[in-house]
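Coordinates in review
Below, each chain spelled out in residue letters.
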Amino acid sequence: MNNGPGLILKALQNSKTEYMPGSALGSMLGTSRAAVWKHILTLRKKGYIIEGKKRHGYRLIEEPDRLNAGILKTANINHFTAVESTNKIARSAAANSSSFFSAYSAEEQLHGRGRLSRNWFSPSGAGLWFSALIHPDAMNPAEAAPVTLTTAAVLAAYLNSEYGLPVKIKWPNDLMINGKKFGGILTEMISDLDRVSSLIVGIGLNINNRAEDFPEELRGLATSAYIESGARIDRTELLLNLTAKLESAYRVFCESGFFPFYEQWKKYNYTLGRHIKVKLSGTIVQGTAVDLDKDGSLLLEEGKGTIRKISYGEIV
Ligand code: BTN
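Read on for a plain summary of the structure. Remember, predicted model here, so these are calculated numbers, not experimental data.

Turning next to the overall build of the protein. A count of helical and extended segments in the protein gives eleven helices and 14 strands. Reported as C-alpha extents along the three principal axes, the dimensions of the protein are approximately 80 × 40 × 35 Å. Across the protein, contacts joining residues at least 24 apart in sequence account for 62% of those joining residues at least 6 apart. Carbon and sulfur atoms make up 50% of the accessible area of the protein, which amounts to about 16,100 Å² in all. Taking the average location of the 38 positive side-chain charges in the protein and that of its 31 negative ones, the two points are 8 Å from each other.

Helices that pack against each other are described as a pair by the angle of their axes relative to one another and the distance between those axes. Helix 3 (residues 33–45) packs onto helix 2 (residues 22–29) with a crossing angle of 95 degrees between their chain directions and a minimal axis gap of 8 Å. In this view, helix 2 runs roughly perpendicular relative to helix 3, as classed from their interaxial angle. Taking contact as the criterion, the partners of G22, S23, L25, G26 and L29 in helix 2 are, on helix 3, R33, V36 and H39.

Once that is clear, we can look at the packing of aromatic side chains. Within the structure shown, the criterion is met by four aromatic pairs. The aromatic ring of Y226 is capped on one face by R232, whose charged end is 5.9 Å from the ring centroid.

A separate point is the pairing of strand 1 (residues 49–53). For strand 1 and strand 2 (residues 57–62), the ladder comprises five bridges, and the chain directions are antiparallel. Bridge assignment links I49 to a residue of strand 2, and that residue is E62. Connecting strand 1 to the next strand, strand 2, in antiparallel fashion are three residues, including R55 with a positive phi near 65 degrees.

What follows is about the sheet that holds strand 9 (residues 196–206). Spatially, 3-4-5-9-8-7-6 is the arrangement adopted by the seven strands of the open sheet, whose pairing is mixed. The open sheet has two free edges, formed respectively by strand 3 (77–83) and strand 6 (167–170), since each of these has just one partner strand. Shown here is a sheet whose adjacent strand axes are inclined to one another by a mean of 20 degrees, direction ignored. Here strand 7 (residues 174–177) runs beside strand 8 (residues 180–191); their pairing, made up of four bridges, is antiparallel. Across the sheet, residue L175 finds its bridge partner in strand 8, namely G183. Sheet strands in contact with helix 7 (residues 147–163) are strand 5 (127–134), strand 6, strand 7, strand 8 and strand 9, and its direction is about 145 degrees off that of strand 8. Lying on the sheet, helix 10 (residues 235–256) is in contact with strand 3, strand 4 (101–109), strand 5 and strand 9; it crosses strand 5 at an angle near 30 degrees.

The sheet built from five strands is open, its strands ordered 13-12-11-10-14 with antiparallel pairing. Looking at which strands have only one partner, the edges of the open sheet turn out to be strand 13 (306–310) and strand 14 (314–315). Both strand 11 (residues 284–292) and strand 12 (residues 298–303) contribute to a ladder of four bridges, which runs antiparallel. Paired with L292 across the two strands is L298, which belongs to strand 12.

In this section: the site of the ligand. In the vicinity of the ligand, 21 residues are found, and the nearest of them are S85, Q109, R113, R115 and K181. In this structure, S85 approaches the ligand through a side-chain N or O atom, which is 2.8 Å from an oxygen atom. Within the backbone of R115, a nitrogen or oxygen atom sits 2.6 Å from an oxygen atom of the ligand. Applying the majority rule of atoms within 2 Å of the grid points places the ligand in the largest pocket. Listed by contribution, the elements that provide at least two residues to the shell around the ligand are helix 5 (86–94), strand 5, strand 8 and strand 9. When residues of the shell around the ligand are assigned to their parent elements, the largest contribution, four residues, is made by strand 8. Here the shell around the ligand is built from residues that sort into six nonpolar, eleven polar and four charged.

We now examine the layout of surface pockets. Vacant regions in the atomic arrangement are exposed by a probe of water-molecule size rolled over the atoms. The calculated volume of the largest pocket comes to roughly 1,000 Å³. In terms of lining, the largest pocket is formed by 46 residues, of which the most central are R118, N119, W120, K181 and L218. At the level of elements, helix 5, strand 5, strand 7, strand 8, strand 9, helix 8 (216–219) and strand 14 are the ones that each hand at least two residues to the lining of the largest pocket. For the lining of the largest pocket, the element with the most residues is strand 8, which contributes five residues. Residue classes in the lining of the largest pocket are distributed as 20 nonpolar, 17 polar and nine charged. Reported here for the second largest pocket is a volume of approximately 520 Å³. A145, P146, T148, S311 and Y312 are, among the 24 residues lining the second largest pocket, the residues nearest its centre. Every element with two or more residues in the lining of the second largest pocket is listed here: helix 6 (141–144), helix 7 and strand 8. Residue contributions to the lining of the second largest pocket peak at five residues, all from strand 8. Here the residues of the lining of the second largest pocket are counted per class, giving 14 nonpolar, six polar and four charged.

Criteria and thresholds
Residues numbered from 1 in each chain as written. Predicted model: local features only at pLDDT ≥ 70, side-chain atom pairs only at ≥ 80, totals over all residues. Heavy atoms only, no water. Helix = DSSP H or I, 4+ residues; strand = E, 2+ residues; numbered from the N terminus. Contact = heavy atoms within 4.5 Å. Areas by Shrake-Rupley, 256 points an atom, 1.4 Å probe, with all protein chains shown as cover. Lys, Arg positive; Asp, Glu negative; His and termini not counted. Charge placed at Lys NZ, Arg CZ, Asp CG, Glu CD. Axes fitted to C-alpha atoms, helices over the stretch in contact; angles between N-to-C directions. Parallel < 35°, antiparallel > 145°, perpendicular 65-115°, else oblique. Phe/Tyr/Trp six-rings, centres within 6.5 Å; stacked < 30°, edge-to-face > 60°. Lys NZ or Arg CZ within 6 Å of the ring centre and 35° of its normal. Pairing = 2+ DSSP bridges. Near = heavy atom within 4 Å. Polar contact = N/O pair within 3.5 Å; in protein donor to acceptor, adjacent residues only side chain to side chain. 1 Å grid on protein atoms, 1.4 Å probe; cavity = no way out; pocket = protein on both sides within 12 Å on 5 of 7 lines; lining within 4 Å. Sits in = over half its atoms within 2 Å of the grid points. Nonpolar A, V, L, I, M, F, W, Y, C, P; charged D, E, K, R; others polar. Points joined across faces, edges and corners; volume = space filled by probe spheres on them.

Set out below in structure tokens:
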């Protein structure tokens, strides 16, 4: 913002709690007070809360919540202000990256993608939208599938223990708080029939969103950490810690599979014991989710002891 609004912002930041008269801002820029007013409106649109008081001028009350790009850079996280989708960025980086793990995050996604070709609401100043790119050494597609459950287990365990957030996992990829969707995971892979060359694990977490920030159609279904706890979270710090946790978890996963995360998944699960309907390709089946198989499939009791193993589907 190295222009009118940017210079005004600098001046307001420097004057701290003091009011800056509109005339002083005008002469600093060599423009009229009307032009200053237009720049103030631009800053307010970007999320800056600026108080205007007659005969006093303007005062900066609050800056918008932004991920700290400098800190993320020092931690080797590839951070962007706005991208279409971090999964897309990670996918295009896959061919040229050789490191086992890399992370791609964005303040805002313009076309955030959810599972089953849905959109993922990803505004700036509110959530964590990031993708992990992993290059497993020797893994086939079936072995790679439970990376989504592994990710969910790691995220739920960390957010419960470090932030006291009662995050639960709805099979296979939803993160819930108090029965509403708080986050989701979209896993993609680049693979041939017997060898996975890249795994892209996209993670979306609603962190500091206020209820009114969600579009109306999501309001009854989605929630955020802030809505549920009343506390704002330092998103930069959380992103640093989560990417570090995930990197070490993925090393274990690539070595030993899902088994080391199985109990943790069960501890934080939302699904087992519930009567559910699952949409498979074409049909809907229903029953009680009785257990999780060691490979991450859901075991559904359809009645009279008949167990159906479901490895892919969506609970509706
Ligand atoms: C879902 O529950 O449907 C999965 C949502 C996954 C959203 C994340 S946000 C970061 C990454 N980039 C995307 O476009 N999608 C994933």
